[in-house]
Amino acid sequence: MIVALSHPDRRATLKGYVERVLGANYSFRDLQGAVGQPPVQGKPLVSFSTSGAPLPWLEQQEQVHSLKAIFDVYLWRGLAMSRAEHFRIDAVVPDMDAAYAAEQLDRVRRAAQNCCDMLASGNYRREAEAEAARRARRGQH
């Protein structure tokens, strides 16, 4: 199962979708206990974000860490996914350099291909088993 969500200017809409669709029939106790949401449990999470601001400024404002914590880590741990990988694309502006834009699109293509290859091969299962064992050692489900 691959879920692709995109709302470049509507983070609240994206958050609502995630909560209503991925969180359907999944209680806050389930989330806190990381019992796993069957459609995505043990699967990898690959997310992408874009910003018009340059990466150094985003880091200075602590936005990079905040985005990862509020979205990626929350979903990864709460839904018992095997891992979370985030790709940031900064300096996305109307007059951005065409070569830079092409480079970033290539990064997205490679990441998507790697994720699809991992799912098709079943290699993510080893990661899922290792993550489940780690959580069990820590007392999480």
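It should be noted that the structure appears before, not after, this text.
Residues numbered from 1 in each chain as written. Predicted model: local features only at pLDDT ≥ 70, side-chain atom pairs only at ≥ 80, totals over all residues. Heavy atoms only, no water.

Attention now moves to helix 5 (residues 98-121). A rise of 1.5 Å per residue sets the reference length of helix 5, with its 24 residues, at 34 Å; its end C-alpha atoms lie 34 Å apart and thus fit the reference within 8%. Downstream of helix 5 by one or two residues, Gly122 has phi in the positive range, about 85°. (Helix = DSSP H or I, 4+ residues; strand = E, 2+ residues; numbered from the N terminus. Expected span 1.5 Å × (residues − 1).)

A few words now on the side chain of Asp90. Tracing the backbone through its elements, the reader meets Asp90 in the loop between strand 2 (83-89) and helix 5. There is a polar contact of 2.5 Å between the side chain of Asp90 and the backbone nitrogen of Leu55. When near neighbours in sequence (up to four residues on either side) are disregarded, Asp90 contacts Ser51, Ala53, Pro54, Leu55, Pro56, Leu58 and Tyr100. (Polar contact = N/O pair within 3.5 Å; in protein donor to acceptor, adjacent residues only side chain to side chain. Contact = heavy atoms within 4.5 Å.)

Right, let's talk about unusual backbone geometry for a bit. Even without being glycine, Ala80 reaches a positive phi, approximately 60°. By the element assignment, Ala80 lies in the loop between helix 4 (63-78) and strand 2. The buried category is assigned to Ala80, whose relative accessible area is 10%. (Buried < 20%, exposed > 50% of the residue type's maximum accessible area, 1.4 Å probe, protein only.)

Take the nonpolar core next. Counting 10 residues, the largest nonpolar core consists of Val18, Leu22, Tyr26, Leu31, Val40, Leu45, Leu75, Trp76, Leu79 and Met81. The set of elements that each furnish at least two residues to this core consists of helix 1 (11-22) and helix 4. (Core = buried A, V, L, I, M, F, W, Y, C linked by side-chain atoms within 4.5 Å.)

Position of Glu127 relative to the elements: it lies in helix 6 (residues 124-137). With 46 residues separating them along the chain, Glu127 and Met81 place their C-alpha atoms 9.4 Å apart. Not counting residues within four places of it along the chain, the set of residues in contact with Glu127 comprises Ser82, Arg83 and Met118.

As for its placement among the helices and strands, Gln104 is situated in helix 5. With residues up to four places along the chain from it excluded, the contact list for Gln104 reads Arg88 and Ile89.

The end-to-end C-alpha distance of helix 6 is 20 Å, a good match for the 20 Å that 14 residues give at a rise of 1.5 Å each. Of the positions making up helix 6, those classed as buried are Tyr124, Ala128, Glu131, Arg134 and Arg135. Seen end-on, helix 6 carries its buried residues on one side only, within an arc spanning 125°. Of the residues in helix 6, the exposed ones pointing more than 90 degrees away from the buried face are Arg126, Glu129, Ala136 and Arg137. Buried positions along helix 6 lie against strand 1 (44-50), helix 4 and helix 5. One or two steps after helix 6, the chain reaches Gly139, where phi turns positive at roughly 90°. (Arc of directions from axis to C-beta.)

Now for the state of the cysteines. The final tally for this structure, using the stated rule, is 0 disulfides. Free of any disulfide, Cys116 has its nearest neighbouring cysteine sulfur in Cys115, separated by 5.8 Å. (Disulfide = S-S within 2.5 Å.)

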